[in-house]
Structures are given as C-alpha cells and as structure tokens.
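# Reading the structure
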Amino acid sequence: PYIEDVARRLATANFIAFAPDGLTSVGGYPGNEQEAAAKFRTVDGKKMTEDFVAAAKWLKARSDSTGKLGAVGFCLGGGRVNQLAVLLGKDLNAGVLLQYAGADTRINEGIPAYEEALKANKKTYAVHMYDGKQHGFHNDTTPRYDEAAAKLSWERTLEFFNKHLR
C-alpha cells in the first residue's frame, strides 16, 4: 500500500511510475511492517536487485517514456536507489535518496563518507536532514510517520524530478 501510494503520487504529478515490490518473490507485502521485515530477511537480494534493474530498463524503454529515468526511495528504498545509480550509471537521470531522519544516527554516521564518494565522482546532490525525525518518517503505515516531514520530503522529490526529468 505505501509503495503503491508513492507510485500513485508520481503519476498524479505527470510522471510514468512503477513501484516494484521487493517482497514479490516471497509472496508480496504481508500487510504490516513486522512481518515485512521478517520476509525481507528471506529474499534473495541479488535477484531483487536484478529485478529492480530490469524494471527500470523496462520503464525507460516504454514507448510513452521520455527516455529519462528517475528513482526515489525512502528507508530500504534509498539503498535501492543507490544500487540503481551504481548499476545503471548514466541511464539513471535522477536519483532521490539523500533525505535523512535526524534521529537515525546509525544511518547518518555514513553521510560524510557517502558525500566524499559523490564529490569524487562529480555528482550533483543535496542532503536534506529532518531534525528529530525517526527512520521511516515518510511511511504513513508506521508509528514513526511524520506528516510535515513527509510532505516536505515529497515536495523536494518532485522539485528534483521536475528539474532533472522534464
């Protein structure tokens, strides 16, 4: 439901959107975060990555596509966007993944090294920190959801896509 909602919102903003379910190979999203987390531990990560790359290439090649490809991900999806950026290279025109929850110290401690890698590879990027917010602040199916931060992160996502994909 959450991932489908992200795709719906992109389509409403006049983008062609596709939201692959990383749990398809193990029966799909079970309806709650706890069961989903357990299922993710059983997924063949290499296969899921291959499926996401294939989905991205399919989407970009559609006859109704402009040929520009963007990807957005929150939480686990941010890591998937990063993988797509590495694996697709110049075929990915815009990747939105640097929107961090301020209270997520485990993830945030990796920001400086990540920024160094982006700079070394001459990538254009912006880091957005949502102070005091918890990991998963964008997912309205969890108690960590924060409406104001989710709205702002979505506005920034659309602004980035409008700039790089239109």
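Residues numbered from 1 in each chain as written. Predicted model: local features only at pLDDT ≥ 70, side-chain atom pairs only at ≥ 80, totals over all residues. Heavy atoms only, no water.

For the rest of this paragraph, the subject is the packing of aromatic side chains. This model, assessed by the stated rule, comprises three aromatic pairs. Note on phenylalanine 18 and tryptophan 58: the rings are 5.3 Å apart at their centroids and 65° apart in plane angle, and the pair reads as edge-to-face. Residue phenylalanine 18 is located in the loop between helix H1 (2-12) and helix H2 (33-40), and its partner tryptophan 58 is located in helix H3 (residues 45-61); the two are separated by 40 residues in the primary sequence. Assessed through its relative accessible area of 42%, phenylalanine 18 is described here as partly exposed. Relative to phenylalanine 137, the ring of tyrosine 130 lies with its centre 4.8 Å away and its plane at 40°, an arrangement referred to as tilted. Of the two residues, tyrosine 130 and phenylalanine 137, neither departs from the other in class, the shared state being buried. (Phe/Tyr/Trp six-rings, centres within 6.5 Å; stacked < 30°, edge-to-face > 60°. Helix = DSSP H or I, 4+ residues; strand = E, 2+ residues; numbered from the N terminus. Buried < 20%, exposed > 50% of the residue type's maximum accessible area, 1.4 Å probe, protein only.)

The subject of this paragraph is the layout of surface pockets. Roughly 840 Å³ of internal volume is contained in the second largest pocket. In this structure, the second largest pocket is lined by 28 residues; those nearest its centre are Gly95, Lys123, Thr124, Tyr125 and Phe160. Those elements giving two or more residues to the lining of the second largest pocket turn out to be helix H4 (76-88), strand E2 (94-96), helix H6 (111-120) and helix H7 (147-165). The element that contributes the greatest number of residues to the lining of the second largest pocket is H7, accounting for six residues. When the residues that make up the lining of the second largest pocket are grouped by side-chain class, the tally is 13 nonpolar, ten polar and five charged. (1 Å grid on protein atoms, 1.4 Å probe; cavity = no way out; pocket = protein on both sides within 12 Å on 5 of 7 lines; lining within 4 Å. Points joined across faces, edges and corners; volume = space filled by probe spheres on them. Nonpolar A, V, L, I, M, F, W, Y, C, P; charged D, E, K, R; others polar.)

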